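So the chains spell out like this:
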Amino acid sequence: MNAVVLVGGEGTRLRPLTYALPKPMLPVVERPMIARVLEWLSAYGVTTAVLSLGYQPDAFVDAFPDGGWAGVELRYAVEPAPLDTGGAIRFAARAAGMDGDTMVVVNGDVLTNLDLGALVSFHRSCGAEASVALTAVEDPSAYGVVPTDADGRVLAFIEKPAREDAPTNHVNAGTYIFEPSVLDRIADGRRVSVEREVFPGLVEAKRLYALGSDAYWLDTGTPERYLRAQVDVLNGRRPEVELPECDERSAGVFVAPGGILEGDVTGCAFVGRGASVDEGSGIEDAIVGAAAHVAAGARLRHCVLLPGAIVRAGAVVEESVVGPSAVVGAGAFVTRGSVVGAAATVADGARLDSARLPV
Ligand code: GDD
Ligand code: MG
């Protein structure tokens, strides 16, 4: 089976991290998110995938020098200008010559193990032109909301409604099965949103179906969810996900070769290659990337340090992401969904609360 993987967005909600690396190239426990997506597709029989690229395409091409990953052969389609989700699917499927067969389409920032085989069987049994996987979320307002009838036929596709206007909490999981004819519904050469234009057209034609799943599912598009994606790998919620080479010191506490863990740990933790967590520091639900350093007296809770980041003595980092080679100065506070960009420095004693640096 062929797949179109959408990875061309700018990742605005994860800025400034996404100035240095496009969102799907950000690591989830030391492996780019896109690699984890390809591993999932491979497990369900996808053999060829086209990456639908726009923003920083070279980062993807460089990451897979062999032109494949996990047994999936890769093709690349770089848009001349952003075509939005629908335009991107049409452009990439045609560029890769995948427009003759039923195809899988996925948002490349979603981590899941939903059963693609079950979605394909459902799609065929309904005789659908397109099928959408659904997942249940607490607040549907950040997603495409998808009410269906008892047979799974989609009654409406409402992209990001106000919370009080959402008729259900079953939302678009960003995983679709398309017949080639769906591509003919997408106008050529302009921006087309699959969610706002193509799906409503298919609803009108009564050709769109949807299947719910309670498999693990997470869209990683915000700092909070990017953090959660990694903690979920460490705390055993995703047993199917492979960890990089490491030693499990105690339940949920992993140290890669050359990593030094001398601080106190609560909950789960991952200490990457050559990283060091000094004695007298405390970490809880934290990912300390390769060659990163946590000094004595520093406290980390529910956070990610990307490779080479440094947290100096007495600093506190909570529910935040510290970019590659960034420095959190002595006694500084970085809290509540803050994002420190690549190589940025938080001054000694400074406070970053729900903030971005640089802005
Ligand atoms: N090539 C290309 N070109 N890719 C794009 C473009 C574009 O112009 N715009 C967005 N993308 C890619 C993004 O890189 C991402 O992988 C995917 O399309 C979805 O874009 P997001 O920006 O992450 O959308 P979202 O998370 O707000 O909402 C979408 O995903 C939700 C589930 O995760 C929608 O599909 C919602 O309906 C859905 O519920
Ligand atoms: Mg998203």
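Conventions we followed
Residues numbered from 1 in each chain as written. Chains lettered and ligands numbered in written order. Predicted model: local features only at pLDDT ≥ 70, side-chain atom pairs only at ≥ 80, totals over all residues. Heavy atoms only, no water. Helix = DSSP H or I, 4+ residues; strand = E, 2+ residues; numbered from the N terminus. Buried < 20%, exposed > 50% of the residue type's maximum accessible area, 1.4 Å probe, protein only. Contact = heavy atoms within 4.5 Å. Areas by Shrake-Rupley, 256 points an atom, 1.4 Å probe, with all protein chains shown as cover. Near = heavy atom within 4 Å. Polar contact = N/O pair within 3.5 Å; in protein donor to acceptor, adjacent residues only side chain to side chain. 1 Å grid on protein atoms, 1.4 Å probe; cavity = no way out; pocket = protein on both sides within 12 Å on 5 of 7 lines; lining within 4 Å. Sits in = over half its atoms within 2 Å of the grid points. Nonpolar A, V, L, I, M, F, W, Y, C, P; charged D, E, K, R; others polar. Expected span 1.5 Å × (residues − 1). Donors = N, O, S within 2.8 Å, 3.2 Å for Na, K, Ca; no water. Phe/Tyr/Trp six-rings, centres within 6.5 Å; stacked < 30°, edge-to-face > 60°. Lys NZ or Arg CZ within 6 Å of the ring centre and 35° of its normal. Pairing = 2+ DSSP bridges. Domains from an automatic or database assignment. Buried area = accessible area lost by both parts, 1.4 Å probe. Salt bridge = Lys/Arg side-chain N within 4 Å of Asp/Glu carboxyl O.

**Comments concerning the overall build of the protein**
In step 1: Assigned secondary structure in the protein consists of eight helices and 31 strands.
In step 2: Seen along its three principal axes, the alpha-carbon backbone of the protein occupies a region of about 65 × 45 × 40 Å.
In step 3: Sorting the 359 residues of the protein into buried and exposed places 53% on the buried side.
In step 4: Looking at the protein alone, contacts between residues at least 24 apart form 51% of all its contacts between residues at least 6 apart.
In step 5: Surface accessibility of the protein: about 14000 Å² in total, with carbon and sulfur atoms responsible for 48%.

**Brief notes about the site of ligand 1**
In step 1: Looking at ligand 1, there are 26 residues lining it, with E79, E159, K160, E195 and D219 nearest.
In step 2: Contact distances for ligand 1 include 3.1 Å between an oxygen atom and a backbone N or O atom of G144.
In step 3: E195 places a polar side-chain atom, nitrogen or oxygen, 2.5 Å from an oxygen atom of ligand 1.
In step 4: Judged by the proximity of its atoms to the pocket grid, ligand 1 belongs to the largest pocket.
In step 5: Secondary-structure elements contributing two or more residues to the shell around ligand 1 are helix 4 (84-95), strand 12 (170-178) and strand 14 (217-219).
In step 6: Tallying contributions element by element places helix 4 first for the shell around ligand 1, with three residues.
In step 7: Here the residues of the shell around ligand 1 sort into nine nonpolar, eight polar and nine charged.

**Looking at helix 8 (residues 223-234)**
In step 1: Its 12 residues place the ends of helix 8 17 Å apart at the C-alpha level, agreeing with the 16 Å of an ideal helix rising 1.5 Å per residue.
In step 2: Among all positions in helix 8, only P223, R225, Y226, L227, A229, Q230, V231, D232, V233 and L234 are buried.

**Description of the coordination of the magnesium ion (ligand 2)**
In step 1: Distances from the magnesium ion (ligand 2) to its protein donors, D109 (OD) and D219 (OD), fall at 2.1 to 2.2 Å. A residue pair is termed long-range when its members are at least 10 positions apart, and D109 in the loop between strand 7 (103-107) and strand 8 (110-112) and D219 in strand 14 qualify at 110 residues. An identical accessibility class is assigned to D109 and D219; each is buried.

**Some thoughts on the side chain of K23**
In step 1: Mapped onto the elements of the fold, K23 is located in the loop between helix 1 (17-20) and strand 2 (27-28).
In step 2: Residue contacts for K23: discarding those within four places in its chain leaves G11, R13, L14, T18, M33, D109, T220 and G221.

**Concerning the packing of aromatic side chains**
In step 1: Per the counting criterion, the structure on display carries six aromatic pairs.
In step 2: When the ring of Y143 is compared with that of W217, the centres are 5.6 Å apart and the planes differ by 70°; the resulting orientation is edge-to-face. One end of the pair, Y143, is in the loop between strand 9 (130-136) and strand 10 (144-145); the other, W217, is in strand 14, and 74 residues separate them in sequence.
In step 3: On the basis of relative accessibility, which here comes to 13%, the residue W217 falls in the buried class.
In step 4: Ring geometry for F178 against F199: centres 6.2 Å apart, planes inclined by 85°, an arrangement best described as edge-to-face. A residue pair is termed long-range when its members are at least 10 positions apart, and F178 in strand 12 and F199 in helix 7 (residues 194-204) qualify at 21 residues. With respect to burial, F178 and F199 carry one shared label: buried.
In step 5: Pairwise contacts between aromatic rings join F157, Y176, F178 and F199 into one cluster.
In step 6: The ring of F333 has R351 sitting right over it, with the charged end atom 4.2 Å from the ring centre.

**Notes on the pairing of strand 22 (residues 299-305)**
In step 1: Looking at chain direction, strand 20 (residues 282-288) and strand 22 are connected through six bridges and run parallel. In the sheet register, E284 faces strand 22, and the bridge partner there is R301.
In step 2: In the sheet, strand 22 pairs with strand 24 (residues 316-318) via three bridges, with the strands oriented parallel. Residue pairing in the sheet places R299 in a bridge with V316 of strand 24.

**So, the domain arrangement of the protein**
Put simply, an interface is often sized by how much accessible area is lost when its parts join up.
In step 1: Partitioning the protein into structural domains gives domain 1 (2-219) and domain 2 (243-357).
In step 2: Computed from C-alpha coordinates alone, the two centres of domain 1 and domain 2 are separated by 32 Å.
In step 3: Contact with domain 1, which involves 11 residues of that partner, is made by 17 residues of domain 2.
In step 4: Buried area between domain 1 and domain 2, summed over both chains or domains, comes out near 980 Å², and the portion from carbon and sulfur atoms is 72%.
In step 5: The largest share of the area that domain 1 buries against domain 2 comes from L17, V29 and E30, three residues that together contribute 53% of it.
In step 6: Between the two partners, domain 1 and domain 2, sit zero salt bridges.
In step 7: Here domain 1 is connected to domain 2 by three residue pairs in polar contact (both at pLDDT 80 or more).
In step 8: A class-by-class count of the residues in the side of domain 1 that touches domain 2 yields six nonpolar, one polar and four charged.

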